[in-house]
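Below are the chains, spelled out letter by letter.
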Amino acid sequence: MSLAEIKEAASAILSTPVLLYMTLVFMAFFLPEMWFERGRRLKAKRREQAGLPAESIMNTAEKLSATRFEAQIQSSIFIIAAFISPFIIMFLFKDIEQFKDDIHALPLVFVGILVWSLTSGANVAIAFLNGLTFKTLAVFSKPIQVGDRVTLNGHSGKVLSIGTFYVMLQTLNDDLVSIPTSSLWSQNLVSANAGERSSLCVMDFYLAPFANHEDIQRAEDIIWDSIQASPYFEMSKPMQIYVNQEENSIHLVARAYVASTYNEPLFVSDVSKAFLKFAHEHGLPLAASYWKKELRDKA
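Residues numbered from 1 in each chain as written. Predicted model: local features only at pLDDT ≥ 70, side-chain atom pairs only at ≥ 80, totals over all residues. Heavy atoms only, no water.

## Details of the packing of helix H6 (residues 213–229) against helix H7 (residues 264–282)
Packing of H6 against H7 brings their axes to within 9 Å, and their N-to-C directions diverge by 145°. The interaxial crossing formed by H6 with H7 has right-handed handedness. The residues of H7 that touch H6, namely those facing Arg218, Ala219, Ile222, Ile223, Ser226 and Ile227, are Phe267, Val271, Ala274, Phe275, Phe278 and His282. For the contact of H6 with H7, a count of residues per class yields nine nonpolar, two polar and one charged. (Axes fitted to C-alpha atoms, helices over the stretch in contact; angles between N-to-C directions. Helix = DSSP H or I, 4+ residues; strand = E, 2+ residues; numbered from the N terminus. Left-handed = near helix turned anticlockwise from the far one by under 90°. Contact = heavy atoms within 4.5 Å. Nonpolar A, V, L, I, M, F, W, Y, C, P; charged D, E, K, R; others polar.)

This is the structure:
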């Protein structure tokens, strides 16, 4: 290829129609996310100035609605910029004498950008496309929702936001964890409450292996009564207690629903304290106490 041909090709690629199309695609990548992030920060600042708490009972529903709106807007903008705008640009410039020759490069650039963004390994483009698609599907198919208590990539916590690039979690230790949205396509998504306020809580208790029938029955009774007495118990849902004989202990498994999934640690603490207090006062043989005694006897 001669120098003149190279200059002519470069001139066609850098023509006004092509530059306009590339600018629109670039803006579709970043501007909507930047705009919505700015809006979220302004709302948080106003709540802080008004002395309102960062979270409220209605906040989960509001965030889910906002996420759905953001996904719809971002999807629409990207589709228009990437797939519809080339035809609009060609229609607008086709009758302008100055751009008649330049307009032929636009379809090639359109195909090139499409192939590049899907197959070239451009991390930002791939993350954007995968993240936007996951965000859109998450809003409508709801594998996870804003407000859910989930486990993603080994991290457990409350979903604060589902963004194009990151899903933000708040852990029980109040840490904020940012998980790349595009990585969730290959992960198992575990939601404890699936959009509801309540969630199933599983609690384990262990008696010494020599505990008799009366001990087991007393243990079941105190666990049952402690669950029902807890202010965090969801009374409208069923509860069960199972007993398993294991090699070194008798394992009792309590399954009950906590009214608010975020209060699960408090719920477990309530029931565990009542169980341990009863065991201490009434001499229930616990597995841990049994093994400590065995170690002392051997010493």
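## With respect to the sheet that holds strand S6 (residues 199–207)
Pairing is antiparallel across the open sheet formed by three strands, whose spatial order is S6-S8-S7. Each edge of the sheet is formed by a strand with only one pairing partner; in this case those strands are S6 and strand S7 (240–245). Each strand axis lies, on average, 20° off the axis of its neighbour in the sheet, ignoring direction. In this sheet, strand S8 (residues 250–258) lies alongside S7 in antiparallel orientation, the contact comprising six bridges. Among the inter-strand pairings, Gln245 is bridged to a residue of S8, identified as Ile250. Its contacts with the sheet place H6 against S6, S7 and S8, and it is angled at close to 15° to S8. (Pairing = 2+ DSSP bridges.)

## Quick look at the nonpolar core
Ranked by internal contacts, the top residues of the largest apolar core, which has 25 residues, are Met203, Phe205, Leu207, Ile223, Ile227, Phe267 and Phe275. Secondary-structure elements contributing two or more residues to this core are S6, H6, S8 and H7. What Leu207 contacts, discounting residues up to four positions off in sequence, is Asp215, Ile216, Ala219, Ser249, Ile250, Leu252, Phe275, Pro285, Leu286 and Ala287. Among the nonpolar cores identified, the runner-up in size contains 14 residues, and Val25, Ala28, Ala81 and Phe93 belong to it. (Core = buried A, V, L, I, M, F, W, Y, C linked by side-chain atoms within 4.5 Å. Buried < 20%, exposed > 50% of the residue type's maximum accessible area, 1.4 Å probe, protein only.)

## Notes on a nonpolar patch on the surface
A cluster of nonpolar side chains, contributed by Ile79, Ile80, Phe83, Ile84, Ile88, Phe91 and Leu92, occupies part of the molecular surface with about 650 Å² of accessible area. Along the chain, Phe91 turns up in helix H3 (residues 59–93). (Patch = residues over 30% accessible without salt bridge, like charges linked within 9 Å, V, L, I, M, F, W, Y side chains within 5 Å. Areas by Shrake-Rupley, 256 points an atom, 1.4 Å probe, with all protein chains shown as cover. Salt bridge = Lys/Arg side-chain N within 4 Å of Asp/Glu carboxyl O.)

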